[in-house]
Amino acid sequence: MDRSPTLDDKTDELYDNAEIAHHGSLYENASSPDSGVHPNLTDPVEQARQEEEWKRELAEVEEDIQTLRQTLSTKIRRTQDLKQKLGITPLQEFQHDLQSGLKTVTESGVYQKTSHGLKVAGEKTTEALSTIGTSVSKKMEDLR
């Protein structure tokens, strides 16, 4: 059964590609398990050595990821503890985030242009409706 790529998959791919790009000049002719290019190793001893190296590197990277997850989890708990001590509630955080986001949007160039365009359109619509109203009123008076 195929599964859809997750955010973790995409993040891992991003880091894999960044690592390849960063170290590309060092490993131009080397392949990696994620590169999609596998060396044509005819020597079984060399092939086994390469696979062991990849397994070792994979274990190191997985260990680093686990350490980072544990560190992040600890920091999140510490942040929550400090916020609780400061009396910062989730609702206050939400309100602050909402206000910050709204400020960012209203200060953006796109919002400014759109707002100006809507203001001009509103003025023109009001002017046109006023003209139509005056014209209709005049026609009504003429009919009397």
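### Regarding the overall build of the protein
Right, on to step 1. Across its full length, the protein holds four helices and zero strands.
Right, on to step 2. Going from N to C terminus, the protein has its helices and strands arranged as α-α-α-α.
Right, on to step 3. In the protein, buried positions account for 3% of the 144 residues.
Right, on to step 4. Total accessible area on the protein stands at roughly 13,200 Å², and carbon and sulfur atoms take up 57% of it.

### Re the pattern of salt bridges
Oppositely charged side chains are able to pair whenever their charged atoms sit close together.
Right, on to step 1. All told, the structure shown has seven salt bridges when counted by the stated rule.
Right, on to step 2. Residue K55 is joined to E52 by a salt bridge in which the shortest nitrogen-to-oxygen separation is 4.0 Å. Remark: E52 and K55 occur in helix α2 (residues 44–86); sequence separation between them is three residues, near one turn of the helix.
Right, on to step 3. A salt bridge links K85 to D81, with the nearest nitrogen and oxygen atoms 3.4 Å apart.

### Side note on the confidence of the model for the protein
Right, on to step 1. Mean pLDDT over the protein: 82, with 72% of residues reaching 70 or higher.
Right, on to step 2. For the protein, the element scoring lowest by mean pLDDT is helix α1 (residues 7–23), at 54; α2 scores highest, at 97.
Right, on to step 3. Every residue in residues 20–29 scores below 50 in pLDDT, and together they form two contacts with partners more than four places removed in sequence or on other chains.

### Side note on a nonpolar patch on the surface
Right, on to step 1. A cluster of nonpolar side chains, namely L129, I132, V136, M140 and L143, defines an oily patch on the protein surface of about 540 Å² accessible area.
Right, on to step 2. Within the secondary structure, V136 sits in helix α4 (residues 109–143).
Right, on to step 3. Classification of V136 as partly exposed rests on a relative accessible area of 47%.

The rules we used
Residues numbered from 1 in each chain as written. Predicted model: local features only at pLDDT ≥ 70, side-chain atom pairs only at ≥ 80, totals over all residues. Heavy atoms only, no water. Helix = DSSP H or I, 4+ residues; strand = E, 2+ residues; numbered from the N terminus. Buried < 20%, exposed > 50% of the residue type's maximum accessible area, 1.4 Å probe, protein only. Areas by Shrake-Rupley, 256 points an atom, 1.4 Å probe, with all protein chains shown as cover. Salt bridge = Lys/Arg side-chain N within 4 Å of Asp/Glu carboxyl O. pLDDT = per-residue confidence, 0-100. Contact = heavy atoms within 4.5 Å. Patch = residues over 30% accessible without salt bridge, like charges linked within 9 Å, V, L, I, M, F, W, Y side chains within 5 Å.

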